[in-house]
Amino acid sequence: MLGLEGEGHARREAGLACGLALLLAGLPAAVAIALPRPAQAQATRFESLSPVAGQPDNPGIGQDPGQDGLPVLRRNRLSEGPPRLGNGNSGEAAGGESSGGLTSGGASLSGPTGAEAGASNLDTRVRSSGSRTGGATSGTNNRAPISLLRQRAAPPRRLGTATKRYTQDVTQIPAPALRLSPVIQNPVVGVPLPAEAPRPQAPGLPLINPLSGVLTPGALLTNSLRRPIATEDAYAPLGIRLGSFTVLPSFTQSLGYDTNPDQTTPSLAKGSVALRSEGELNFRSDWSRSELAGELRAGYLETPENEAASRPNAAGTVRLRIDANRDLRIDAETRFLVDTQRTGSPNLQAVTATNRPIVATYGTSLGATETFNRLSVSLRGSVDRSEFEDARLSDGTVISQADRNQNQYSMRLRTAYEVTPEISPFVELLADTRVYDLRRDTSGLRRDSDGIAASVGATVNFTRSISGEISGGLQHRTYVDPSLRGLDAPILAAALVWAATPLTTVRLNAQAGVTETTVPGSSGILTQTATLEVQHDLLRNLSIIVGGAYLRNDYQGVSIRETGFSATARLDYRFNRWLTLRGTYLYQEITSTAATASFSDNTFLLGLRVNP
C-alpha cells in the first residue's frame, strides 16, 4: 500500500512539472499576442463582403476593385518573395497541409515556417503583409479552418497542365453579374395581337368571293386602280377622332369628257361631258384588343348630254376581328357592291334600253382561325345575295331579270404552316352551292349548281421586296339540269406587291373562276382577270400611276368569246394634307364575238380631292 501511494505521488509531481514546463513554453506566445503590434500590423482589418458577385465591393473571383471603382484582375500577392514550398512534414504539423503556397478558387495559403510554426498554428492564413487572400477576411486572430472545409474551398494543388488550366479558369474568368442575367417574363395579357392584313382582291371582284357567280366587265375596267395611295407623313391625312375610332373621310369632284358613256357599239356611241362625284369613308378602331375597320365608297357619273348613260356605283366592306385568346381569332365581315350592266352585254342584249340596269351584290362571312404553334387552321362560311334590275327599252318593253337573282352559300377550310416568318404555304378546300329564286329561267333551264374546289398556295412577306398571296387549283361544278354540262376549270387568286425601289411600287392582281350566265345552252363562263399597276413618286407630294387590266370570258357550250383591256394613267399632286389635285385618263375596250357587245371608250377627268 505504501509503495502504491509513493508511486501515485511521484506521478502527480511529474504531471505538475510537465504542465509547468508547457506553461513556461507558451508564455512568450501569449505575451506576444497581448503586446501591441507595430503600425504595419495594426493596418489589418476585418471586412464583410457582398454576397452578390460582380459588384464594386466584390467584383468577382480573381478580381479586385480598382482605383476608378471598376474590377481589375487580382495581382499576385506572393510577388514580395518567392513561394515557400515545404517538405510536407512541417506543413502537416502546422496546418494539416503542405506548407507551400496554395492557390485555388482565388485563395492563397502560406504555411508557417520557422518560429511561427512553433508559436501557433492560428496564423496559417496570415502573411507578412496582413492582407486578405482569396476574397476571405484575414487577421491575427483568425482561426484556421478544419481540413474538410479547406479541402472543399481549395482542392490540393496538383502540378502540371490540369492545375494550370483550373487556375486560369477560376482566377481569370469573372463570375457573371446578376444585373446582366436575362429575365424571362410571362406574356402580358391584353396586348393586341398582330392584325392580319385583309386579303386583297382584284379590282374586277373587289368585294366578291372568288367563287361568286357575278362579274360585270364594267366593274373590272372602270374601277381599276382604286387602291389608296400611300403618302409621306408630311402629306398623310390626319383624320377625325371619334371616341376610340379614327375616321378618314374624303370627297372628290372631277370634270371631264367621256367619248362613249353608254359603252356600246361605235355606231351608237354618243359622247358627253362627264361630272364624276365620289365620296369615301375609311375608319378603324384603336382598341387594345380586337379591331373594327371598314372602307366605304360611293360615286355617281353624270353625263348631261346623254342622260341614259348616267349611272351610280358603290362598294364597301366592314370587318370585325375578335381576339378570343392568344391562339383563337374570330373574323366577321359584311360587304356590298353596286354596279351597272352594259346594255350590249350577251346576258342582256338590250341595246335600245333607256337605262343601264343596276346589279347589286351583298353578303356576310363568319369564320375562326386557331393557331397551334406554327400551324393554323381557318374555317370560314359565307352567304352572298345577287339581285338584277329589270331593263326598260325605248318602246316601253320591260325585260325581266328576276331569273338571274340568286343566293350563294360557301364554306372555306384553310390549313397553313409557317415555314419561316417570310413564307407560309397553305392548302385550301372550297365548297359552294348556288340557288336561284326562280326554279327555271326564261329559257326553261334549272341553273342551280354545286361546286367544289381545291387549291394550294403560299403567303409571302419579304420585307422591302415582295409581299402578298398566290394560290391555284382546280374547280368542278355540276348543275341540276341534265342539259347543262358540268364544268372543270382552273381557279387562281393572286395579290402581290413588289417594292422595286423606295419610290416605285408594282402591284399584281389576278383571278380565275366560273361565273354565271343566262345565255341559252351555256353552263357558265370561264372568267380570267388580271391587273398590273406601277406607282412612282416623282416628289414627296407628286405621284404618277400607270396600269392595265385584262379580261377574258369564255362562254361554255356556245361560241361566245370576250376579250377586254383597259389602261389607266393618274397623276396626284398634294398641296397639303387635305387638298389634292388629281388628273385621270382611262381607256376601255372589249372585243366580243356577240353582236353589239364590242365597244371602246376614252375618259378624261380632272378634279380636286379633299381629305378633311
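To keep things clear, this report deals only with the structure shown in the data block. (Residues numbered from 1 in each chain as written. Predicted model: local features only at pLDDT ≥ 70, side-chain atom pairs only at ≥ 80, totals over all residues. Heavy atoms only, no water.)

Counting its secondary structure elements, the chain contains 7 helices and 25 strands. For the chain, buried positions account for 40% of its 612 residues. Once local pairs closer than 6 in sequence are excluded, the contacts in the chain between residues at least 24 apart make up 58%. (Helix = DSSP H or I, 4+ residues; strand = E, 2+ residues; numbered from the N terminus. Buried < 20%, exposed > 50% of the residue type's maximum accessible area, 1.4 Å probe, protein only. Contact = heavy atoms within 4.5 Å.)

Attention now goes to the packing of aromatic side chains. A complete count under the given rule lists 4 aromatic pairs for this structure. Pairing Phe245 with Trp287 gives two aromatic rings, centres 5.7 Å apart and planes at 75°, and the pair type is edge-to-face. Taken together, the positions of Phe245 in strand S6 (residues 245-258) and Trp287 in the loop between strand S7 (272-285) and strand S8 (291-302) put the pair 42 residues apart, joining distant regions of the chain. The exposure class assigned to Phe245 is partly exposed, which follows from its relative accessible area of 21%. Residue classification places Trp287 among the partly exposed positions, given a relative accessible area of 34%. An aromatic cluster is defined as three or more aromatic residues linked by ring pairs; in this entry it consists of Phe245, Phe283 and Trp287. Just above the ring of Phe388 sits the side chain of Arg404; from NZ or CZ to the centre is 4.1 Å. Between the NZ or CZ atom of Arg414 and the centre of the ring of Phe426, over which it lies, the distance is 3.9 Å. (Phe/Tyr/Trp six-rings, centres within 6.5 Å; stacked < 30°, edge-to-face > 60°. Lys NZ or Arg CZ within 6 Å of the ring centre and 35° of its normal.)

Before going further, it helps to examine the pairing of strand S16 (residues 423-436). Of the two faces of S16, only one is covered, namely that formed by Ser424, Phe426, Glu428, Leu430, Asp432, Arg434 and Tyr436; the face formed by Ile423, Pro425, Val427, Leu429, Ala431, Thr433 and Val435 stays uncovered. In this structure, strand S15 (residues 406-417) lies alongside S16, joined through 11 bridges in antiparallel fashion. Bridge pairing in S16 links Leu413 to Leu429. Turn length for the S15-S16 hairpin, with the two strands adjacent in sequence and antiparallel, is 5 residues. Here 12 bridges tie S16 to strand S17 (residues 449-461), and the two strands are oriented antiparallel to one another. Each residue of the ladder has a partner; that of Asp432, found in S17, is Gly451. (Pairing = 2+ DSSP bridges.)

Moving on: the pattern of salt bridges. For the coordinates displayed, the defined rule picks out 25 salt bridges. Salt bridges here are not isolated pairs; linked through shared partners, they connect Arg284, Glu291, Arg321 and Asp323. (Salt bridge = Lys/Arg side-chain N within 4 Å of Asp/Glu carboxyl O.)

What follows covers the pairing of strand S24 (residues 579-592). Relative to S24, strand S23 (residues 561-574) runs antiparallel, the two being bridged by 13 bridges. Looking across to S24, one finds that Phe565 is bridged to Glu589. Connecting S23 to the next strand, S24, in antiparallel fashion are 4 residues. If you look at the hairpin formed by S24 and strand S25 (residues 599-610), you'll find 6 residues sitting between the two strands, and Thr596 has a positive phi there, around 60°.

Our next topic: a nonpolar patch on the surface. Together, Val534, Leu538, Leu539, Ile544, Val546 and Leu571 make up an exposed nonpolar region whose accessible area comes to about 460 Å². When contributions to the nonpolar patch are tallied by element, the ones reaching two or more residues are strand S21 (525-539) and strand S22 (542-555). The greatest single-element share of the nonpolar patch, amounting to 3 residues, is contributed by S21. Structurally, Leu538 can be placed in strand S21. (Patch = residues over 30% accessible without salt bridge, like charges linked within 9 Å, V, L, I, M, F, W, Y side chains within 5 Å. Areas by Shrake-Rupley, 256 points an atom, 1.4 Å probe, with all protein chains shown as cover.)

Examined against the element boundaries, Thr563 turns out to sit in strand S23. Residue Thr563 is classed as partly exposed on the basis of its relative accessible area of 31%. Residues Thr563 and Tyr550 lie 13 residues apart in sequence; the distance between their C-alpha atoms is 7.7 Å. With near-sequence residues (within four places) excluded, Thr563 lies in contact with Tyr550, Leu551, Arg552, Glu589, Ile590 and Thr591.

Now for unusual backbone geometry. At Gln349, a residue that is not glycine, the phi angle is positive and equals roughly 50°. Along the chain, Gln349 turns up in the loop between strand S10 (328-340) and strand S11 (358-372). According to the relative accessible area criterion, Gln349 is exposed, its value standing at 51%. Even without a glycine there, the phi angle at Asn373 is positive, about 60°. Residue position: Asn373 is located in the loop between S11 and strand S12 (375-388). Judged by its relative accessible area of 73%, Asn373 is exposed.

Here the focus is the environment of Asp537. Within the secondary structure, Asp537 sits in strand S21. By relative accessible area, Asp537 is classed as buried at 14%. In this structure, the C-alpha to C-alpha distance between Asp537 and Pro502, residues 35 residues apart in sequence, is 8.9 Å. Sequence-distant contacts of Asp537, that is, excluding residues within four places in its chain, are made with Leu503, Leu542 and Ser543. Engagement of the side chain of Asp537 in a polar contact is seen with the side chain of Ser543, the distance being 2.7 Å. (Polar contact = N/O pair within 3.5 Å; in protein donor to acceptor, adjacent residues only side chain to side chain.)

Interpretation note: all reported values are geometric properties and have no functional meaning in isolation.
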